[in-house]
2 protein chains.
Amino acid sequence: MLSVTIDDVALAAGVSIRTVSRVLNESPHVGAETRKTVLETIERLGYSPSTRARALASGRSFLIAMVQDDPNAHVIGALQRGIVEACSSHGYELVVRPVHFANPDIASDIENFVRRSRVDGLIVLPPTSEIAAIPERLTRLGVPSVGIASVSLPEYPCMLVSNERGATRALGQHLLELGHRRIAMIEGPAHFRSAQERKAGFLEGIGGSMPEAYRREGDYGFDSGAAAAEALLSLDQPPTAIFAANDIMAAAVAKIARERGVSVPGQLSLAGFDGSDIASMITPALTTIRRPLVDMAQAVTERLLDMISGARASWPHERIDLTLVHGKSVGPAMDDPRKNGR
Amino acid sequence: MLSVTIDDVALAAGVSIRTVSRVLNESPHVGAETRKTVLETIERLGYSPSTRARALASGRSFLIAMVQDDPNAHVIGALQRGIVEACSSHGYELVVRPVHFANPDIASDIENFVRRSRVDGLIVLPPTSEIAAIPERLTRLGVPSVGIASVSLPEYPCMLVSNERGATRALGQHLLELGHRRIAMIEGPAHFRSAQERKAGFLEGIGGSMPEAYRREGDYGFDSGAAAAEALLSLDQPPTAIFAANDIMAAAVAKIARERGVSVPGQLSLAGFDGSDIASMITPALTTIRRPLVDMAQAVTERLLDMISGARASWPHERIDLTLVHGKSVGPAMDDPRKNGR
DNA sequence: CTGAAAGCGCTTACAG
DNA sequence: CTGAAAGCGCTTACAG
């Protein structure tokens, strides 16, 4: 498909391919005059070096992979935007690698992928980033990896940890301060660390306990949120506030509430998690906890690239505090919600 | 990072590397016994061939790229799922390449990317797939490309064209049959072919014309939909039906309508486009036009892979008919909407 | 059915 | 500051 190689450039510029290579790799050991000639020749011939050949010769593929298993398009989309941004500005390409969290052989699956594709590094996203066996394997393979998650796994040489527990704790306190006493939560899947963190923080925030009937487990999907909302709103003593562990489930609660004639935030305060687009698309706009996903993804990718270039072998894990975004779905508790026709 | 090479395998199996290569590439010209020995040796040594080396030697990178410029996470997410699915099952990796539709040098940008990365083929997504210069360049480079769009560009050796005009025509007719006469549309950006198609079809469906005041241009984003809705609902004779050219803008209309106390579908019928998750998340669930994005993406990727393998050089462009999904946001027109307090 | 040799297009110590 | 040679780990005609 292409004809121009480094040999053509060297020939035309009257230098050795070694010198062309040096110019390409921005080696300081090239005379200014020589460099100029080479660059002009490259331009004139329309030469672009083959990454395939560079890869084989240098041992670097200039490919990094994003390992994911999350059906939430908002979250994945934001993360991908940050990652690809950082990649592009450093001459790397981004390979997308979907995996299955539930696959017991997930670590082997990823190892095989790495051996085959020869990516130079991996960014592992939640919930896959919660599995310690993965960074363990990758480190043994000698391939740098970074993780984004809600908890810190020492196996990763670099991680960005979103302080989900702290944020949900603050949310719980906020609801308490608004006078809510009958507070419910729709949790994420119990085997996800993120779900555990969000629950633990929220419980701390509201003072440590919640009746069983007010705790429902969802799967971060819309339908599960709707089912949980139906159950909660059918209780004799329905909650005056519901925290759903992500925006999608919170949107489901909003929908069910509306169908049942329960006004938000008049009769029911509602909060979500993620700060995704959907939070502002529904009515009323959702109070939610914003994760700065684009920034986190970009930052962690920059660090990975530093590790690949050998600038450093690891980074202290960093914790990111999240912010509570006040929408219009949370208000003061009413004295007795039963008076209001529920 | 890895030590085992094809030489090690050949040595251990007592054959030449040529034979190992043949086994790897599933050549039929290998004795059953030999093949078995080689495969066992590969297994025992934990060997996986380097794609980098295969790429250089074979002229194929086993990489394909997805070229995109669409901030709509739902659309991109669905397309990516279909593409990556097809890639994985054929041993290809997917590289994500974001571009800027508005960049006048977009074709050069993509050409440079291809020369550098050596991807074996590209899948170009809307709206980028509406630019004829791109397939033109790629074909000249000798790199196969496929497009997904709302119109057929002959420059592409293969395209999947969603019949957006036909679908919006049907929607227009449907509104007409329900008795609507004051029908408005929030269009997409006028320089997008998809926006033109959706508008043209809809106009055909409602009988060919629409007062200027009932036509608003949006940018497919939420805020532009909200602004258009405000304007439309403030008219002396507000429309009894609004078609927004995508679900996100339709969601914005729903929100504004609710804020203004305009009931949907009681006082206002509302339809969107895309059939994305958000359509079912808002209340009432949106009537929308579903694009089978995952299936389309997967199908077009399969065809691209066929072209790469040399099975065929091009495909007749295929048109995909879309389906109208009946939500709860469209109903019969009322006799006189002004009676209802607007 | 199987092998020895050349080559894909670069980079990398090693010299000069 | 610059060059000749070897090598990265495969595949590919060409023979046998």
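Residues numbered from 1 in each chain as written. Chains lettered and ligands numbered in written order. Predicted model: local features only at pLDDT ≥ 70, side-chain atom pairs only at ≥ 80, totals over all residues. Heavy atoms only, no water.

**Student:** Please explain the sheet that holds strand β8 (residues 241-244) of chain A as it appears in this structure.
**Tutor:** Within a sheet, neighbouring strands are paired by backbone hydrogen bonds and run either parallel or antiparallel to one another. Residue and element names in this part refer to chain A. With parallel pairing, four strands are arranged side by side in an open sheet as β7-β6-β8-β9. At either end of the open sheet lies a strand with only one pairing partner, and these are β7 (215-217) and β9 (269-271). For this sheet the average axis-to-axis angle between neighbouring strands, irrespective of direction, equals 15°. Here strand β6 (residues 183-187) runs beside β7; their pairing, made up of three bridges, is parallel. For Met185, the partnering residue across the bridge sits in β7 and is Arg215. Relative to β8, helix α8 (residues 164-177) is tilted by about 170°, and along the sheet it contacts β6, β8 and β9. With respect to the sheet, helix α11 (residues 247-259) is in contact with β6, β8 and β9, its orientation differing from that of β9 by roughly 155°. (Pairing = 2+ DSSP bridges. Helix = DSSP H or I, 4+ residues; strand = E, 2+ residues; numbered from the N terminus. Axes fitted to C-alpha atoms, helices over the stretch in contact; angles between N-to-C directions. Contact = heavy atoms within 4.5 Å.)

**Student:** Even after reading the chapter, I still don't get the sheet that holds strand β1 (residues 63-68) of chain B, so can you show me in this structure?
**Tutor:** With mixed pairing, the 12 strands of this open sheet are ordered in space as β11(A)-β5(A)-β4(A)-β3(A)-β1(A)-β2(A)-β2(B)-β1(B)-β3(B)-β4(B)-β5(B)-β11(B). Every interior strand has two partners, whereas the edge strands, β11 (318-320) of chain A together with β11 (318-320) of chain B, have only one. Across the sheet, the mean angle separating the axes of adjacent strands is 20° when strand polarity is ignored. Docked against the sheet, helix α6 (residues 106-117) of chain A engages β1 (63-68), β2 (93-98) and β3 (121-124) of chain A together with β2 (93-98) of chain B, running at close to 150° with respect to β2 of chain A.

**Student:** Can you help me understand the pattern of salt bridges in this one?
**Tutor:** When charged atoms on two side chains of opposite charge get close, those side chains can pair. This structure, assessed with the given rule, holds 32 salt bridges over all chains. Across the pair Glu164 of chain B and Arg198 of chain B runs a salt bridge, and its minimum N-O distance is 2.8 Å. In this pair, Glu164 of chain B is assigned in helix α8 (residues 164-177) and Arg198 of chain B in helix α9 (residues 193-205), connecting sequence segments 34 residues apart. There is no split in this pair, since Glu164 of chain B and Arg198 of chain B are both buried. Taken together, the salt bridges that share partners define one network made up of Glu164, Arg198, Asp274 and Arg291 of chain A. (Salt bridge = Lys/Arg side-chain N within 4 Å of Asp/Glu carboxyl O. Buried < 20%, exposed > 50% of the residue type's maximum accessible area, 1.4 Å probe, protein only.)

**Student:** Just to check I follow, could you spell out the protein's contact with DNA strand C for this structure?
**Tutor:** Near DNA strand C lie 24 residues; those nearest to it are Ile6 and Ser21 of chain A together with Thr19, Gly31 and Thr34 of chain B. In the interface set of DNA strand C, defined as its atoms within 4 Å of the protein, sugar plus phosphate atoms amount to 59%. At 2.7 Å from a phosphate oxygen of DNA strand C is found a main-chain nitrogen or oxygen belonging to Gly31 of chain B. Interatomic distance of 2.4 Å between a side-chain N/O atom of Thr34 of chain B and a phosphate oxygen of DNA strand C. For the surface near DNA strand C, the elements supplying multiple residues, two or more each, are α2 (17-24) and α4 (51-58) of chain A together with α2 (17-24) and α4 (51-58) of chain B. Broken down by element, the residue count for the surface near DNA strand C peaks at four residues, all from α4 of chain A. In the surface near DNA strand C, the residues fall into 10 nonpolar, 10 polar and four charged. (Near = heavy atom within 4 Å. Polar contact = N/O pair within 3.5 Å; in protein donor to acceptor, adjacent residues only side chain to side chain. Nonpolar A, V, L, I, M, F, W, Y, C, P; charged D, E, K, R; others polar.)

**Student:** What is the right way to read the UniProt feature "domain: HTH lacI-type" (unreviewed entry) in chain A from this model?
**Tutor:** In this numbering, the UniProt entry assigns the feature "domain: HTH lacI-type" (unreviewed entry) to residues 4-58 of chain A. Regarding residues 4-58 of chain A, the helix share stands at 69% and the strand share at 0%, and the terminal C-alpha atoms are separated by 20 Å. (UniProt positions renumbered as here; feature names shortened; annotations may be inferred.)

**Student:** Even after reading the chapter, I still don't get the interface of chain B and chain A, so can you show me in this structure?
**Tutor:** When the parts of a complex come together, some accessible area is lost, and that lost area is often taken as the interface size. On the side of chain A, 48 residues touch chain B, which itself brings 48 residues to the contact. Between chain B and chain A, roughly 4500 Å² of surface is buried when both sides are summed, and carbon and sulfur atoms account for 57% of that area. If you look at where chain B meets chain A, you find two salt bridges. Arg116 of chain A is the partner of Glu93 of chain B in a salt bridge, and the nearest nitrogen-oxygen pair spans 2.9 Å. Where chain B touches chain A, the interface holds 23 residue pairs in polar contact (both at pLDDT 80 or more). Elements with a contribution of two residues or more to the side of chain B that touches chain A: α4, β1, α5 (73-88), β2, α6 (106-117), α11 (247-259) and α12 (277-281) of chain B. Ranked by the residues each element gives to the side of chain B that touches chain A, the list is headed by β2 of chain B, at six residues. Residues belonging to the side of chain B that touches chain A are distributed by class as follows: 25 nonpolar, 13 polar and 10 charged. Of the strand pairs in this sheet, β2 of chain A and β2 of chain B are connected by three bridges, and their pairing is antiparallel. Bridge assignment links Leu94 of chain A to a residue of β2 of chain B, and that residue is Val96 of chain B. (Buried area = accessible area lost by both parts, 1.4 Å probe.)

**Student:** Looking at this structure, how should I read the packing of aromatic side chains?
**Tutor:** Within a pair of aromatic rings, the relevant descriptors are the distance that separates the centres and the angle that separates the planes. Residues and elements named next belong to chain A. Per the stated rule, a full pass over the model turns up eight aromatic pairs over all chains. Measuring from ring centre to ring centre gives 5.5 Å for Phe62 and Tyr92, while their planes differ by 50°; the resulting arrangement is tilted. Highlighted residues: Phe62 in the loop between α4 and β1 and Tyr92 in the loop between α5 (73-88) and β2, separated in sequence by 30 residues. Accessibility classification places Phe62 together with Tyr92 in one group, the buried group. Here the aromatic residues Phe101, Phe192 and Tyr220 are joined through ring pairs into a cluster of three or more. Above the plane of the ring of Trp315 lies Arg312, whose end atom (NZ or CZ) is 3.9 Å from the centre. (Phe/Tyr/Trp six-rings, centres within 6.5 Å; stacked < 30°, edge-to-face > 60°. Lys NZ or Arg CZ within 6 Å of the ring centre and 35° of its normal.)

**Student:** I would appreciate a short explanation of the environment of Gly221 of chain B in the present structure.
**Tutor:** Residues and elements named next belong to chain B. Take Gly221: it is sitting in the loop between β7 (215-217) and α10 (222-233). The spacing of Gly221 and Asn246 is 25 residues in sequence and 8.7 Å in space, taken between C-alpha atoms. Setting aside chain neighbours within four positions, we find Gly221 in contact with Ile248 and Met249.

**Student:** I'm lost on the relation of the copies chain B and chain A in this one. Help?
**Tutor:** Superposition of the two copies of the chain requires a rotation about an axis together with a shift along that axis. In screw terms, the move from chain B to chain A is a rotation of 180° and a rise of 0.1 Å along the axis, fitting with an RMSD of 0.1 Å. These values place the two chain copies in the arrangement generated by a two-fold rotation axis. If distances are taken from each C-alpha of chain B to the rotation axis, the shortest is found for Val95 of chain B, at 2.2 Å. Interface overlap between copies is the fraction of interface residues in one copy that are interface residues in the other; for chain B against chain A it reaches 100%, indicating a shared surface. (Least-squares fit on C-alpha atoms with pLDDT ≥ 70 in both.)

**Student:** What should I look at first to understand the packing of α5 of chain A against helix α13 (residues 293-308) of chain A in this one?
**Tutor:** Helix-helix packing is characterised by the crossing angle of the two axes and by the distance between the axes. Residues and elements named next belong to chain A. Contact pair α5 / α13: the axes reach a minimum separation of 7 Å and the direction vectors enclose 40°. Judged by the angle between their axes, α5 and α13 are oblique. Considering the relative orientation of α5 and α13, their crossing is right-handed. Mapping the contact onto sequence places Val75, Ala78, Leu79, Arg81, Gly82, Ile83, Glu85, Ala86 and Cys87 in α5 and Leu293, Val294, Ala297, Gln298, Thr301, Glu302 and Leu305 in α13. (Parallel < 35°, antiparallel > 145°, perpendicular 65-115°, else oblique. Left-handed = near helix turned anticlockwise from the far one by under 90°.)

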